[in-house]
Amino acid sequence: MNFAEKVRQLRKDKKMPQIDLAQAIGVTSRTIQLYESGKSLPRYRETYRKLAEVLSCDVNVLLIADSEVTDKEGNDVFISEAAAQYGSRGKRQAEKLIEEVSGCFAGGELSEEDKDEMMKAIQDAYWIAKKNNQKYAPKKSQ
């Protein structure tokens, strides 16, 4: 089930009209229509959080599609995890990594599946590098 289907199903389960959901999260009813039709995704992590709160589900339920994270959503999850673990500097590094790697795909001949796999591999490499670099970072005095 993708994001659009999940939002639509969760909203219907709560017997909530689109207009009520829109007002609850601070967007227009047209935005909810676009989400539910699959033509648009929230731009901000905060919007996912508000949707999850109003629809009474975990935010990861909305972010994970068909047991795998889709490209944009996966990048958002990666960036938010980097921010949670390494603060604003980690967030900036993750955003820059995504931006630079995405630029490598422009005009290329890789399939979407190959691009997704490549992006996942690079994200995995980021986590390994961060973990390995921790042992060399100076310890803060307490």
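Look a little higher up for the structure.
Residues numbered from 1 in each chain as written. Predicted model: local features only at pLDDT ≥ 70, side-chain atom pairs only at ≥ 80, totals over all residues. Heavy atoms only, no water.

Q: Is there a simple way to think about helix H2 (residues 18-25) in this case?
A: Residues lying three or four places apart along an α-helix face the same way, a consequence of the helix completing one turn every 3.6 residues. Where H2 is concerned, the buried positions are Leu21, Ala22 and Ile25. Each buried residue of H2 lies within a common arc of 100 degrees when the element is viewed along its axis, so the set occupies one face. On its buried side, H2 packs onto helix H1 (3-13), helix H3 (29-37) and helix H4 (45-54). (Buried < 20%, exposed > 50% of the residue type's maximum accessible area, 1.4 Å probe, protein only. Helix = DSSP H or I, 4+ residues; strand = E, 2+ residues; numbered from the N terminus. Arc of directions from axis to C-beta. Contact = heavy atoms within 4.5 Å.)

Q: Got a minute to help me understand H3 in this structure?
A: Every buried residue belonging to H3 is among Ile32, Tyr35 and Glu36, and all of these are buried. Projected down its long axis, H3 shows its buried positions confined to an angular sector of 90 degrees, all on one face. Elements that come into contact with the buried residues of H3 comprise H1, H2 and H4.

Q: Even after reading the chapter, I still don't get the pattern of salt bridges, so can you show me in this structure?
A: Working definition: two side chains of opposite charge can pair if their charged atoms are close together. Inspection of the entire model under this criterion finds 4 salt bridges. With a shortest N-O distance of 2.5 Å, Glu36 and Arg11 are connected by a salt bridge. Of the two residues, Glu36 sits in helix H3 while Arg11 sits in helix H1, which places them 25 residues apart along the sequence. For the residue pair Glu36 and Arg11, the accessibility class agrees, reading buried in each case. Ionic pairing is found between Lys96 and Glu100, a salt bridge with its closest N-O pair at 3.9 Å. Of this pair, Lys96 and Glu100 are both found in helix H6 (residues 71-105), 4 residues apart, which corresponds to roughly one turn of the helix. Note on Glu100: relative accessible area 46%, which makes it partly exposed. Here the salt bridges share partners, and the residues they tie into one network are Glu46, Arg49 and Glu53. (Salt bridge = Lys/Arg side-chain N within 4 Å of Asp/Glu carboxyl O.)

Just distances and angles here, no functional claims.
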